[in-house]
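Examining the three-dimensional arrangement
Okay, here's what each chain looks like letter by letter:
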Amino acid sequence: MNILGIHAAYTSRSHDPSACLIQNGKVIAAIEEERLNRIKTSTSLFPERAIRACIAMANISIHEIDVVVADGSTYPPLKDKINRSLVDSFGYSPPIELTHHAYAHCAGSFVSSGFDEALVVSVDGVGDQVATLICTAKKLGSSVEYKELYRGDITTSLGVYYSVFTNYLGFRSIEGEYKVMGMAAYGSSKHDLSNLLEFNPATGELVCKNNQFIDLENYTSVFEPSYKEKFIESLTGVRRPVYFSNGFQQEHFDLAASVQFQFQKTYLDLISYFLKKTGLKKLCLSGGCSLNCLANKELLGKPIDVYVMPAASDRGLSMGAAMYMASQTSQSVSPVQNMYLGRSFEPAEIKKSLDICGVSYTELSDPTIGCASAIAEGKVVGWFQGRSEFGPRALGHRSILANPQAAEMKDILNAKIKFRESYRPFAPAILESELNDSGLDNTHLPYMTFTVDVPSDLARKIPGAVHFDGTARVQSVSHDNSPLFAGLLDQVQHQNGFGAVINTSFNLAGEPIVDSPHDAIRTFYSSGIDTLYLGNFKLEKSCS
Ligand SMILES: [Fe+2]
């Protein structure tokens, strides 16, 4: 049976369309539309290219899809819109079903986790009128039984709360939340924001005591400015920065720390309450807020197993919708083994792209040796290998890599490629075997969904990848999870003495992560990347 999950960004607050194909209970392919059309977040777009890519990766036609399933069940016109779009693009529409946005988030997390029973939490901005959904999930044979414990609407939305302040600090919602998290390390939580949003343990509910910080009545798009400037200014005494990104004063970093503190407290209080209430020891998280890796750090210290859906935001809804449909129709779905679910390219295809672009290149038998040497020499390297990642993180298949042993590497990366704000950290990818003696309690962190406090011995080995507050969003890499990337880190270990690299996504600021060889070549020549390893082909700048 072929189930095609899609997230069609056709509703007013919708963004990040994607597609995912589950074939006979196995996730075969998943990819976001933005990777293919090169439009960041692809707001209001139908995932036509993503669907084409998925069915191509499965080597089937649209006629072999048994059912298309999308989130958006509280918006009945969506079915007709999807039908028309499929007929327009493919000349045919398979049967279409709709699922609830929050249940798609929950299913995406629970089914991909492989747990038999868990507390499942979805926390996001809003979708299908729900911003927070908490339920228990239990495998019953090949189906899954969900029992709902709590749902909160947009008036108590943790995602909207965070997005509004992200916007107030001068960033774009949906994309800028990581910047606020990065800023928080440089500030103190001086402002009490508990009168905006908190969790009440007496009632077991989220409480919004004052929604005056947001113009909810007229709030129709996640991208429109919705903060009430005068209210926030009078509440915090912090004026909105005029020249955002470069015009921050200490008060803005303090506001970011206050926003993070109140978010984190509310998020953790909510989760702790329902863990205690159910007695469950396994936890699945999803929804865009669960990508708050700083808050997730606190969960690592609890005596529970925590799984965060790697594509937790709306870009993962296609997978979640397909998994929800499968479990409701007694189609058992295998847990996801890794997130390398996008496109890959044969050597001949890569060579064709290189020849079309007319660039010079060298063909290698093994790119890991030269790449490790280049990293050891302090070069900034583009690394394009295998299938692209599904989700917001580059996990070593579409990555820019550098040496974390150099403390100044963060500044070099910012100057050459990323042009990012100085307060944003870069993350390390480390061989899982290297982490075993590092002093970290949890060494299996394959998806960059948790920040950890870096033990001092480890921090001395990777100064270029440790944040101002002594934390890092570590990716642990193993041959089981990522053989291609682990092979490179083995070489880095051999040459550098420690198997770790700085791993940042292969893209320029404001652009989607590269997907095709052509994207990689264009980004290479539009940036200060020194060397590009494109499959087994090596490209260098003539001046280097
Ligand atoms: Fe969502």
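Calculation criteria
- Residues numbered from 1 in each chain as written.
- Predicted model: local features only at pLDDT ≥ 70, side-chain atom pairs only at ≥ 80, totals over all residues.
- Heavy atoms only, no water.
- Pairing = 2+ DSSP bridges.
- Helix = DSSP H or I, 4+ residues; strand = E, 2+ residues; numbered from the N terminus.
- Axes fitted to C-alpha atoms, helices over the stretch in contact; angles between N-to-C directions.
- 1 Å grid on protein atoms, 1.4 Å probe; cavity = no way out; pocket = protein on both sides within 12 Å on 5 of 7 lines; lining within 4 Å.
- Points joined across faces, edges and corners; volume = space filled by probe spheres on them.
- Nonpolar A, V, L, I, M, F, W, Y, C, P; charged D, E, K, R; others polar.
- Donors = N, O, S within 2.8 Å, 3.2 Å for Na, K, Ca; no water.
- Tetrahedral: all angles 85-135°; square planar, octahedral: opposite > 155°, others 65-115°.
- Domains from an automatic or database assignment.
- Contact = heavy atoms within 4.5 Å.
- Buried area = accessible area lost by both parts, 1.4 Å probe.
- Salt bridge = Lys/Arg side-chain N within 4 Å of Asp/Glu carboxyl O.
- Polar contact = N/O pair within 3.5 Å; in protein donor to acceptor, adjacent residues only side chain to side chain.
- Core = buried A, V, L, I, M, F, W, Y, C linked by side-chain atoms within 4.5 Å.
- Buried < 20%, exposed > 50% of the residue type's maximum accessible area, 1.4 Å probe, protein only.

1. Remarks on the sheet that holds strand β6 (residues 117-127)
Strand order in the open sheet made by the 5 strands is β8-β7-β6-β11-β12, with mixed pairing throughout. Only two strands of the sheet have a single partner each, and these edge strands are β8 (143-152) and β12 (305-308). Adjacent strand axes in the sheet meet at a mean angle of 20 degrees when their direction is disregarded. In this structure, strand β7 (residues 130-140) lies alongside β8, joined through 9 bridges in antiparallel fashion. Residue pairing across strands places Lys138 opposite Glu145, the latter belonging to β8.

2. Focus on the layout of surface pockets
Estimated volume of the second largest pocket: approximately 520 Å³. As for the second largest pocket, its lining consists of 24 residues, of which Val306, Tyr307, His444, Pro446 and Tyr447 are closest to the centre. Among the elements of the structure, α4 (101-113), α9 (293-300) and β12 are those that each provide at least two residues to the lining of the second largest pocket. Among the elements that make up the lining of the second largest pocket, the one with the highest residue count is β12 (4 residues). Along the lines of polarity and charge, the residues of the lining of the second largest pocket split into 14 nonpolar, 8 polar and 2 charged.

3. Regarding the coordination of the iron ion
On the protein side, the iron ion has His101 (NE2), His105 (NE2), Asp124 (OD) and Asp314 (OD) as donor atoms, found 2.1 to 2.3 Å from it. One way to put it: the 4 donor atoms around the iron ion meet at angles of 90 to 166 degrees, and that makes the site irregular. In primary-sequence terms, the residues that donate to the iron ion follow H-x3-H-x18-D-x189-D. Within this pair, whereas His101 is found in helix α4, its partner Asp314 is found in the loop between β12 and α10 (317-328), the two being separated by 213 residues in sequence.

4. Observations concerning the domain arrangement of the protein chain
How big an interface is tends to be stated in terms of accessible area lost as the parts join. For the protein chain, the assigned domains are domain 1 (2-102 + 317-328) and domain 2 (347-540). Placing the centre of domain 1 and that of domain 2 at their C-alpha centroids yields a distance of 30 Å. The partner domain 2 presents 14 residues to the 15 residues of domain 1 that form the contact. Between domain 1 and domain 2, a total of about 1100 Å² is buried, with carbon and sulfur atoms accounting for 47% of that surface. When the buried area of domain 1 at its contact with domain 2 is split by residue, Arg35, Arg38 and Lys40 rank highest and sum to 59% of it. On the surface where domain 1 and domain 2 come into contact, there are 1 salt bridge. Between Asp519 and Arg38 there is a salt bridge whose closest N-O contact spans 3.7 Å. Counting the contacts that link domain 1 with domain 2 gives 6 residue pairs in polar contact (both at pLDDT 80 or more). Sorting the residues of the side of domain 1 that touches domain 2 by element identifies β3 (26-32), α1 (33-37) and α10 as the ones contributing at least two each.

5. Let's talk about the nonpolar core
Note on soluble globular proteins: their nonpolar side chains tend to be buried together. Of all hydrophobic cores here, the largest spans 69 residues; its most connected members are Tyr161, Phe165, Phe213, Tyr267, Leu283 and Leu285. Elements with a contribution of two residues or more to this core: β6, α5 (158-168), α6 (177-184), α7 (229-236), α8 (250-278), β11 (282-286), α9 and β12. In terms of residues, this core owes the most to one element, α8, which gives 11 residues. Those residues in contact with Phe165 that sit more than four places away from it in its chain are Leu193, Leu196, Phe213, Ile232, Leu255 and Val259. Ala118, Leu133, Ala137 and Tyr146 belong to the second largest nonpolar core, which has 47 residues in total.

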